[in-house]
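These are the residues of each chain, in order.
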Amino acid sequence: MGTPRWQMLPGGLLQAPGAKRTARDWIVDVTMFALAILIGFVALGDSEDQHGELALLIDLVLGALCCLSLWVRRRYPVGVAAFTSASGFVSAMSAGAGLFALFNIALRGTRRQIVFFWCVALAVSAVFPLIYPSQDLSYVVEVVFGVLITIVVLGWGLFTRTQRDLLQSSH
């Protein structure tokens, strides 16, 4: 007998890969999408005065596309991570989507992919403040903050991956 749907498990744990999204999956996806937009607007607000009109438009478009790409992150984790990571070098609005894409790689990626995208995230943390320096924080503080967030997101994703693997092995 299968696991009852009321336990709010992810679709991937209820059935074979490619299973339909459960209610829990929809709640997670909508929350992740909304948080990515919120984080993006907060990040953009810090650097908005340093953008020209065209740069602001490009940042908004890239950020919106990155947030929208989160809807297909389960099927294309590497593609979404690559797109959000590349956008993160120049787009503040993509910051939230980049964090969730990194989490998703930690959850679904190979070791090589995890290490690669972690290194890219660290590079983004170092390069973005050079392009759009904060008015309030020094470069070093911004980089340390970016590195710490990256470590927390990666650790959280690996912890979640371990929990899912343990749950799958118990069935």
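As a reminder, the structure under discussion sits directly above these lines.
Everything in this summary refers to the structure shown in the same document. Every chain begins its residue count from 1, and numbering advances along the sequence as written. Totals for whole chains, interfaces and linings use all residues, but because this is a predicted model, local features are given only for residues with pLDDT of at least 70 and pairs of side-chain atoms are given and counted only at 80 or more. Heavy atoms from the whole structure form the basis of all side-chain values; hydrogens and water molecules are not counted.

**Let's talk about helix α5 (residues 95–108)**
Part 1: Between its first and last C-alpha, α5 extends 20 Å over 14 residues, near the 20 Å set by a 1.5 Å rise per residue.
Part 2: To sort residues, take the accessible area from a 1.4 Å probe on protein chains only and compare it with the maximum for the residue type: under 20% means buried, over 50% means exposed, and anything in between is partly exposed. Helix and strand definitions here come from DSSP, where helices need a minimum of 4 consecutive H or I residues and strands a minimum of 2 consecutive E residues; each element is numbered from the N-terminal end. With ten of 14 residues buried, α5 lies mostly within the body of the structure.
Part 3: Those residues of α5 lying buried are Gly96, Ala97, Phe100, Ala101, Leu102, Phe103, Asn104, Ile105, Ala106 and Leu107.
Part 4: Contacts are assigned to residue pairs that have any heavy atoms within 4.5 Å of one another. Packed against the buried residues of α5 are α2 (23–47), α3 (53–69), α4 (77–88), α6 (111–131) and α7 (139–169). Working rule for helices: expected span equals 1.5 Å times residues minus one.

**Section: the packing of aromatic side chains**
Within a pair of aromatic rings, the relevant descriptors are the distance that separates the centres and the angle that separates the planes.
Part 1: Within 6.5 Å between ring centres, the rings of Phe, Tyr and Trp (the latter by its six-membered ring) count as paired, and their orientation is classed by plane angle as stacked under 30 degrees, edge-to-face over 60, tilted in between. Within this structure, the stated rule accounts for five aromatic pairs.
Part 2: On the basis of an interplanar angle of 50° and a centroid distance of 5.5 Å, the ring pair of phenylalanine 33 and tryptophan 71 is categorised as tilted. Residue phenylalanine 33 is located in helix α2, and its partner tryptophan 71 is located in the loop between α3 and α4; the two are separated by 38 residues in the primary sequence.
Part 3: Under the relative-accessibility criterion, tryptophan 71 is labelled partly exposed at 25%.
Part 4: Ring geometry for phenylalanine 128 against tyrosine 132: centres 5.3 Å apart, planes inclined by 45°, an arrangement best described as tilted.

**Section: a negative patch on the surface**
Part 1: A surface patch of like charges, here negative, comprises Asp46, Glu48, Asp49 and Asp136.
Part 2: Residue position: aspartate 136 is located in the loop between α6 and α7. The residues that make up patches have over 30% relative accessible area and no salt bridge, and they are joined within 9 Å when like-charged or within 5 Å when they are Val, Leu, Ile, Met, Phe, Trp or Tyr. Computed by Shrake-Rupley with a 1.4 Å probe, the accessible areas treat only the displayed protein chains as cover when residues are assessed. Salt bridges are identified by distance alone: a Lys or Arg side-chain nitrogen within 4 Å of an Asp or Glu carboxyl oxygen. Think of it this way: Lys and Arg go in the positive column, Asp and Glu in the negative one, and His and the chain ends go nowhere. By convention, the charge on Lys lies at NZ, on Arg at CZ, on Asp at CG and on Glu at CD.

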